[in-house]
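What follows is each chain in one-letter form.
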Amino acid sequence: MIEGGTTNPSARELAILHELEKKVLWLASWTIHHANHLRENLDGVKVGGHQASSASLATIMTALYFHALRPQDRVAVKPHASPIYHAIQYLFDRQTRQKLEDFRGYKGAQSYPSRSKDIDDVDFSTGSVGLGVAQTLFSSLVQDYVRAHGWALERPEGRMIALVGDAELDEGNIFEAILEGWKQGLRNCWWIIDYNRQSLDAVIREGLWARYEALFQAFGWDVVILKYGSLLQQAFREPGGERLRQWIDNCPNQLYSALVFQGGAAWRRRLLDEIGGQGAVTRLIEARSDEELARLMTNLAGHDLPSLIEAFAKVDHERPICFICYTIKGFGLPFAGHKDNHAGLMTPAQAESLRAAMNVRSGHEWDKFEGLSIAPAELQEFLRRVPFAAGTRRHQAARIEAPADLPVTIQPVMSTQTGFGALLNELGRGKTAIAERIVTTSPDVTVSTNLGAWVNRRGLFARKALADTFRSERIPSTFSWDFSPRGQHIELGIAEMNLFILLSALGLSHAINGERLIPIGTLYDPFIQRGLDALNYACYQDARFILAATPSGITLAPEGGAHQSIATPLIGLAQDGLAAFEPAFVDELAAILAFAFDYIQRDAEGEASERNWLRDETGGSVYLRLSTRPIEQIKRAMTPELRQAIVDGAYWQRAPGPNCQVVVAYTGAVVPEAIQAVGLMAEDRRDVGLLAVTSADRLNAGWTAAQRARERGLVHARAHIEKLLGDVPSHCGIVTVIDGHPATLAWLGAVHGHRVRALGVEHFGQTGSIPDLYRHYGIDANAVVAAASALTPGRPIRHLKALP
Ligand SMILES: Cc1ncc(C[n+]2csc(CCOP(=O)(O)OP(=O)(O)O)c2C)c(N)n1
Ligand SMILES: [Mg+2]
């Protein structure tokens, strides 16, 4: 096993690390400078936010990547430290000069490290502050889950490490994660706080470190405060040193930052002014030149390699650790410490003086070892032996075979939510490969989203077994709540951000742990919005999972107005990396779930299929919008054609005749209203068609892709929806209806130019029974008939007035 970080480096190795630290800062600074001043910059927009932010982490990242990390460790890098990250990978030959030159440009290295878009082995995508931090915590729990199930035991355990901005800690999702981590017995997780006491806008509050310390300790974390570098520690041992330490400890953040910016002479003036009366301190100060004094006063531990290396090497336990590292934003750069430096960029003149200080010749800016005092061969050899750079870091895992058909007993009347519970219950019975790999999770809505039967069969996960006392006391209860290391359900507290970040971590297990999991998360549909950014990031890093959201829409009537969801179908339509489905019937759900088990495991490159114009081989995650409304089920055989059409997004429940005047296109739980309306119209409108839309998202995506294909010359490209609507006469009107925002289906008219009236829900919060609410919002049969009547020529539809 390769060990990193546990041994202290030799003096020579330390000298090399110092050189690499300089090189990393230079390359990162040059990358940003190049993007701003040298590359042809067509949009004229400057790259802000990186230079100063990156610099504050240069030393910490040097200590980690070139010394302390091991290949099995995984790191979430603070978004604005991306140039430092790319520079380090460039030194490891995992990043190209071209991509650095194109930093933030088309297909260049990304502004914020991106797991899916960067080429240089990014572990976790960051950018939306707070999310990457929490992802490390959940990844650590997932690693424990995998090992507890007897998988990946041949591999060493990794540490999950986050490089955290101090202002990043304002994000609430971090605190939600800390609490959950405590409940779950978090281990092997390091959070390294870049305590530069600056945010984007300003200098942060005094004394925050003490709040962090108390907070992390309260949740069982070890807290290591790294404040003074080795130069300062030496100075404190000199006569007068203690006084200097007191002065620093009492110095407000703002003043410290200002003095850092002003430099040596300002430090001298201030120090002599405030504590110079005492002889020993004066001698300590006077013994140093301005430059030496500035170096001393900015020698915080976060910029002191020996202190950092020692602190990382000293860790001898697996409890979570928070390192609070004092740093200076912009350290080593001309605007170090200035409160406005977040978007600070070097001027060409400043870049020139940095170049001079770094001994970099013009034209040699990208040379790896340019200007360093150690021979390139020795540096190269050192890099070759860096523990972190050895070994495979991205794993692969074989696909788990997914059954084409999922058994389920369909009751005559059933909701999709009940169907979902029944499908999982059936899966839970068997010993299939897929059932072994399923891991379910829910933020305190396990029972109310119908996962109870599955959990009864497979148990809850915890590293330490815990029996259900109600059961051991023989008190009757529907649910057994036994925790064990073999359990397959991770119960979360009520925090939807945690749900999505956990799904993200579970959904990357194949790549991070080399062991594939089939994650299924459940929550109430409206609360997708509560965790939406985390969901977006989970998809962005290509994590794979199934989301079952239920109940949904106003159809959850008995739950009241506050839990209604309107926008979620549009989220399903728009979210990249997430295929959204809203089945009406349980046999549809069974077909979709079987597809989902396979789809979430696919990762092939490939062109769109000629059938549906979707790039299905690339796979993605799946969102199922389900409902609690009991619906009369159709008795029918599931043919391969029907199964395919359901997965592609739509099929004719009643095909339109040649003279069709009206088509009703529905999605989800409003199917009884759609069917009723078609029946009512039968006498007054000819050949009415009924289109079942199981996935507006996939229909829409296929349609867009087919149009693009035609524009590129593939004249025969036809999307699934284009084929379905191809024979519908042009005078025919389409009434669409969904318990969600009407825009979800309104685009159907644009496919072949049919007129459309799109019914749906646009307002929020009215309470009532399902009939009350459907009438109120205009998605009942009456509303469908009225819309059809207004949209299509012909005599008034008789039944219209007969309805309430
Ligand atoms: C969710 C989110 N909100 C806002 C931003 C914009 N933003 C980028 S960095 C930053 C603050 C940076 O402060 P800190 O985390 O202390 O890092 P530093 O710049 O000091 O290195 C903000 C507000 C963001 N990236 N993500
Ligand atoms: Mg900061």
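Up top is the structure.
What this report covers is the structure whose coordinates are included nearby. Keep in mind that what you see is a predicted model, and the values were worked out from it rather than measured.

**Remarks on the pairing of strand β14 (residues 621–625)**
Within β14, five of the five residues are buried, leaving the element largely enclosed by the surrounding structure. Where burial is concerned, the two faces of β14 agree: the one with S621, Y623 and R625 and the one with V622 and L624 are both buried. The pairing of strand β12 (residues 546–549) with β14 spans four bridges and is parallel. Along β14, the bridge assignment pairs A549 with R625. Alignment of strand β13 (residues 578–581) against β14, held across four bridges, turns out to be parallel. By the bridge assignment, L578 is partnered in β14 with S621.

**Overview of the coordination of the magnesium ion (ligand 2)**
The magnesium ion (ligand 2) binds to the protein through D166 (OD), N196 (OD1) and Q198 (O); the donor distances cover 1.9 to 2.1 Å. Counting residues between consecutive donors of the magnesium ion (ligand 2) along the chain gives the motif D-x29-N-x1-Q.

**What about the site of ligand 1?**
As a matter of local geometry, ligand 1 sits amid 18 residues, with S53, K78, D166, Q198 and K329 nearest to it. Here an oxygen atom of ligand 1 sits 2.9 Å away from a polar atom, N or O, in the side chain of N196. Contact with the protein chains covers 75% of the free accessible surface of ligand 1, which is 590 Å². Residue composition of the shell around ligand 1, by class: three nonpolar, nine polar and six charged.

**Points about helix α33 (residues 770–777)**
Every buried residue belonging to α33 is among I770, L773, Y774 and Y777, and all of these are buried. When α33 is viewed along its axis, its buried side chains cluster within an angular range of 100 degrees and face the same direction. As for α33, its buried residues are in contact with α28 (671–681). Of the residues one or two after α33, G778 is the one with positive phi, at around 75 degrees.

**A short note on unusual backbone geometry**
In this structure, P551 follows T550 across a cis peptide bond, with omega equal to 0 degrees. Within the secondary structure layout, P551 lies in the loop between β12 and α25 (568–574). Phi is positive for N359, close to 60 degrees, though the residue is something other than glycine. Tracing the backbone shows N359 in the loop between α16 (348–357) and α17 (376–385). Backbone geometry at D542 places phi at a positive 65 degrees, although glycine is not the residue there.

**A look at the sheet that holds strand β1 (residues 74–76)**
The five strands are arranged β1-β2-β3-β5-β4 in an open sheet whose pairing can be described as parallel. Two strands close off the open sheet at either side, each with one partner strand: β1 and β4 (222–226). Strand after strand, the sheet turns through a mean of 15 degrees between neighbouring axes, direction not considered. Across six bridges, strand β2 (residues 160–165) lies against strand β3 (residues 189–195) in parallel orientation. Its bridge partner lying in β3, G165 is registered against D194. Against the sheet, helix α3 (residues 58–68) touches β1, β2, β3 and β5 (321–326), its axis set at about 170 degrees to β2. Across the sheet, helix α8 (residues 208–218) touches β3, β4 and β5, and the angle it forms with β3 is around 170 degrees.

The rules behind each value
- Residue numbering note: each chain is counted from 1, following its sequence as written.
- Each chain is given a letter, starting from A, and each ligand a number, starting from 1, according to the order in which they appear as written.
- Given that the model is predicted, a residue must reach a pLDDT of at least 70 before its local features are reported, and side-chain atom pairs must reach 80 or more before they are shown or counted; all residues, however, enter totals for whole chains, interfaces and linings.
- Side-chain numbers come from the whole structure's heavy atoms, not from hydrogens or water.
- Residue exposure (1.4 Å probe, protein chains only): buried if accessible area is under 20% of the type maximum, exposed if over 50%, otherwise partly exposed.
- By definition, any uninterrupted DSSP run of H or I lasting at least four residues is a helix, any uninterrupted run of E lasting at least two residues is a strand, and each is numbered from the N terminus.
- Whether two strands pair depends on DSSP finding at least two bridges between them.
- With water excluded from the atoms, a metal site may look incomplete; its donors are any N, O or S atoms within 2.8 Å, or within 3.2 Å for Na, K and Ca.
- Distances are taken per atom, and a residue is near a molecule or strand as soon as one of its heavy atoms is within 4 Å of it.
- The term polar contact refers here to a pair of N or O atoms within 3.5 Å; inside protein, the definition further demands a hydrogen-donor-capable atom paired with an acceptor-capable atom, and it admits residues adjacent in sequence only when both atoms are side-chain atoms.
- A 1.4 Å probe and the Shrake-Rupley method give the accessible areas. Residues count as covered only by the protein chains that appear here.
- Ten residue types, Ala, Val, Leu, Ile, Met, Phe, Trp, Tyr, Cys and Pro, are classed as nonpolar, four, Asp, Glu, Lys and Arg, as charged, and the remainder, Gly among them, as polar.
- Note that the arc is computed from the directions linking the helix axis to the C-beta atoms.
- Any two residues whose heavy atoms approach within 4.5 Å are treated as being in contact.
- Note on geometry: axes are C-alpha line fits, over the in-contact stretch for helices, and angles between N-to-C directions span 0 to 180 degrees.

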